[in-house]
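Here are the chains, one letter per residue:
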Amino acid sequence: MEIKLHDKYFVPFISAQELDFAIQNMAKQIEDDFAEEIPVFVGVLNGAFMVVSDFMKHYTAPCEVSFIKMASYEGTSSTNEVKQLIGINQDLTGRTVIIIEDIVDTGNTVEELKELFKKQGVKHFKIATLFFKPEAYKKDIKLDYIGIRIPNKFIVGFGLDYDGLGRNLPEVYQLKD
Ligand SMILES: O=P(O)(O)OC[C@H]1O[C@H](OP(=O)(O)OP(=O)(O)O)[C@H](O)[C@@H]1O
Ligand SMILES: Nc1nc2[nH]cnc2c(=O)[nH]1
């Protein structure tokens, strides 16, 4: 059933079951790669709060979790300027940092994050994202773990918002044409 948020209509796109399956797969892959160490998962707020919560329930090896707050989107488009609103106050020297994103779109946010963590002397820097829009991506940075590839259309739900609304939807909706 379609929904209305502010002035726009959205149609169902990805079910809660498909989301859980994709997150479970990412957790398993990362666990296979990093079970020998204690990675620090860094969720990118606000959008990633739901992915991180579900991801952590599927990741069974020792790990730590922290959050960073970045923002670049106003309405349905990128401002091209990514701001850091809340940082991490933990020494990450020599640690394996795995970013958990809800979505990688233009790549502006992951580029900014990579710069930020490089300066902190981390041992490994990896990126995991639930959603990836290949047609919108403008960077060369490798994305290490991708949940679901989606077309270049605006989505909401499961943490993702349209001007503040829609983050609490348990499934994902796509902007109606
Ligand atoms: O690849 P990009 O084009 O940079 O887009 C991806 C970013 O956009 C969203 O964040 P947003 O800036 O909307 O902030 P929010 O997480 O608080 O909604 C999303 O959570 C990513 O962090
Ligand atoms: N809500 C939302 N935020 C985004 N940030 C980057 N791409 C998107 C998108 O498709 N939807």
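Residues numbered from 1 in each chain as written. Chains lettered and ligands numbered in written order. Predicted model: local features only at pLDDT ≥ 70, side-chain atom pairs only at ≥ 80, totals over all residues. Heavy atoms only, no water.

**Side note on the pattern of salt bridges**
Considering all chains together, one arrives at 13 salt bridges under this definition. Between D7 and K8 there is a salt bridge, and its shortest N-O distance comes to 3.8 Å. When its relative accessible area of 25% is taken as the criterion, K8 is described as partly exposed. A salt bridge links K139 to E111; the nearest nitrogen and oxygen atoms lie 3.1 Å apart. Placement of K139 in the loop between β7 (124–132) and β8 (145–149) and of E111 in helix α3 (residues 108–118) is noted, with a sequence separation of 28 residues between them. Under the relative-accessibility criterion, E111 is labelled partly exposed at 35%. Through salt bridges with shared partners, a single ionic network connects K126, K142 and D144. (Salt bridge = Lys/Arg side-chain N within 4 Å of Asp/Glu carboxyl O. Buried < 20%, exposed > 50% of the residue type's maximum accessible area, 1.4 Å probe, protein only. Helix = DSSP H or I, 4+ residues; strand = E, 2+ residues; numbered from the N terminus.)

**Some remarks on the site of ligand 2**
Ligand 2 sits among nine residues. The nearest are D105, K133, F154, I155 and D161. D105 is positioned such that a nitrogen or oxygen atom in its side chain is 2.7 Å from a nitrogen atom of ligand 2. Contact distances for ligand 2 include 2.7 Å between a nitrogen atom and a backbone N or O atom of D161. Within the complex, the protein chains bury 93% of what would otherwise be the 270 Å² of accessible surface of ligand 2. Counted by class, the shell around ligand 2 contains five nonpolar, no polar and four charged residues. (Near = heavy atom within 4 Å. Polar contact = N/O pair within 3.5 Å; in protein donor to acceptor, adjacent residues only side chain to side chain. Areas by Shrake-Rupley, 256 points an atom, 1.4 Å probe, with all protein chains shown as cover. Nonpolar A, V, L, I, M, F, W, Y, C, P; charged D, E, K, R; others polar.)

**A few points about the environment of G107**
Position of G107 relative to the elements: it lies in the loop between β6 (96–104) and α3. When the C-alpha atoms of G107 and K133 are compared, they prove to be 9.4 Å apart, with 26 residues separating the residues in sequence. In contact with G107, not counting residues within four places along its chain, are Y137 and K139. (Contact = heavy atoms within 4.5 Å.)

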